[in-house]
Amino acid sequence: MSDTGLNSLTISDHGCNNQVDIAASARLADGVRIDLFGNHNHLCIGENTIVQGGLLEMRNHDGSIKIGANCALIGMFRCRASNTHISIGDQTTSMMAHITLHERGSIIIGQDCMLSGDIAMDVSDMHSILDKYSGKRLNPPQDIKIGDHVWLAQGVRVMKGASIGHDTVIGTRALVLGEIPPHSLAVGTPARVINNNISWDRKRLPIAARKEDEAEQKDSFSAG
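Reading guide: rules and limits
- Numbering of residues starts from 1 in every chain and runs along the sequence as written.
- Residues qualify for local features only when their pLDDT is at least 70, as the model is predicted, and side-chain atom pairs are given and counted only at 80 or more; totals for whole chains, interfaces and linings, by contrast, use all residues.
- Only hydrogens and water are removed before side-chain values are computed, so all heavy atoms of the structure are retained for them.
- Counting from the N terminus, the helices are the DSSP runs of H or I reaching at least four residues and the strands are the DSSP runs of E reaching at least two.
- Think of it in three bands: residues with accessible area under 20% of the maximum for their type are buried, residues over 50% are exposed, and the middle band is partly exposed, with areas taken using a 1.4 Å probe on protein chains only.
- Contact criterion: two residues are considered in contact whenever any of their non-hydrogen atoms come within 4.5 Å of each other.
- What pLDDT conveys is the predictor's confidence in a given residue, as a value from 0 to 100.
- Every case where a carboxyl oxygen of Asp or Glu lies within 4 Å of a side-chain nitrogen of Lys or Arg is listed as a salt bridge.

Visitor: Teacher, can you tell me more about the overall build of the protein chain here?
Guide: For the protein chain, the helix and strand inventory stands at one helix and 22 strands. Burial status across the protein chain gives 41% buried among its 224 residues. Sequence separation of 24 or more characterises 17% of the internal contacts of the protein chain that already satisfy a separation of 6 or more.

This is the structure we're talking about:
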């Protein structure tokens, strides 16, 4: 692996026909683990992506983790059942995300998303809820989809079946259930939309002067 520019990376492969594609320009920090179990799994990490800490794990069969280009990630990315898939778009960042799939399904995260610390999401409840009389399971797994340019603030939980539209902000410690439309600011448990006409920027931009301040400045110039 010396020609990839990776730092003392160890890949633990316990299965057959697993494929790992890591771009030559990608960087994985010391201590990052890649563990593969089962067969026919695929891990792909794009150009100039940095994985600064954590675990990439695939268990059982026919799973995939695909990370785009120019990402900077810390987290646990775990496909723990057959036919489970994680897709992370270009330029997405995470400070610490726990992204897991305990049952069949997919978690799709768009481009240029920003995941803060202590983020968690899973397509499964991990245990079964049954109808008392029929014994039928009532809580099947459901996919999660997050659009482009979404900011998940500290401590957000994204539940199975959630869909978050592009250019949206989810406030600190919100619990996301169901659909959040694009250009929304959503907060609370469960998350509710309090503004549906927003976007956001990674830079801390200057605060616009208040109208009262502008009027005072105008008066002072006139007096001078």
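From this point, things continue past the structure.
Visitor: Quick question: what am I supposed to make of the environment of Gly117 here?
Guide: You can see Gly117 is positioned in the loop between β12 (114-115) and β13 (119-122). As for Gly117 and Thr172, which are separated by 55 residues in sequence, their C-alpha atoms are 10.0 Å apart. Discounting chain neighbours no more than four positions away, the residues touching Gly117 are Met95, Met96, Gln154 and Gly155.

Visitor: What's the story with the confidence of the model for the protein chain in this structure? I'm lost.
Guide: Parts of the prediction with low pLDDT should not have their coordinates interpreted in detail. Across the protein chain, pLDDT averages 92, with 89% of residues at or above 70. Below a pLDDT of 50 lies the segment residues 1-5, which in the model reaches 11 contacts outside its immediate sequence neighbourhood of four places, other chains included.

Visitor: Even after reading the chapter, I still don't get the pattern of salt bridges, so can you show me in this structure?
Guide: For side chains bearing opposite charge, pairing can occur when the charged atoms are close. Overall, the coordinates contain 10 salt bridges when judged by the stated rule. The residue Arg59 makes a salt bridge to Glu57 at a minimum N-O spacing of 3.3 Å. Owing to a relative accessible area of 2%, Glu57 belongs among the buried residues under this scheme. Salt-bridge contacts for Glu103 lead to Arg137; the nearest nitrogen and oxygen are separated by 2.7 Å. With a gap of 34 residues between them, Glu103 in the loop between β10 (93-101) and β11 (105-109) and Arg137 in the loop between β13 and β14 (144-146) connect regions that are remote in the sequence.

Visitor: I keep staring at unusual backbone geometry and nothing clicks. Help me out?
Guide: When glycine is set aside, most residues are seen to have a negative phi, and most peptide bonds are trans. The omega angle of the peptide bond from Thr189 to Pro190 is -5°, so this bond is cis rather than trans. For Gln91, which is not a glycine, the phi torsion comes out positive at approximately 65°. Looking at the element boundaries, Gln91 is found in the loop between β9 (84-88) and β10. A relative accessible area of 43% places Gln91 in the partly exposed class. The residue Met126 is not glycine, and still its phi comes out positive at about 75°.

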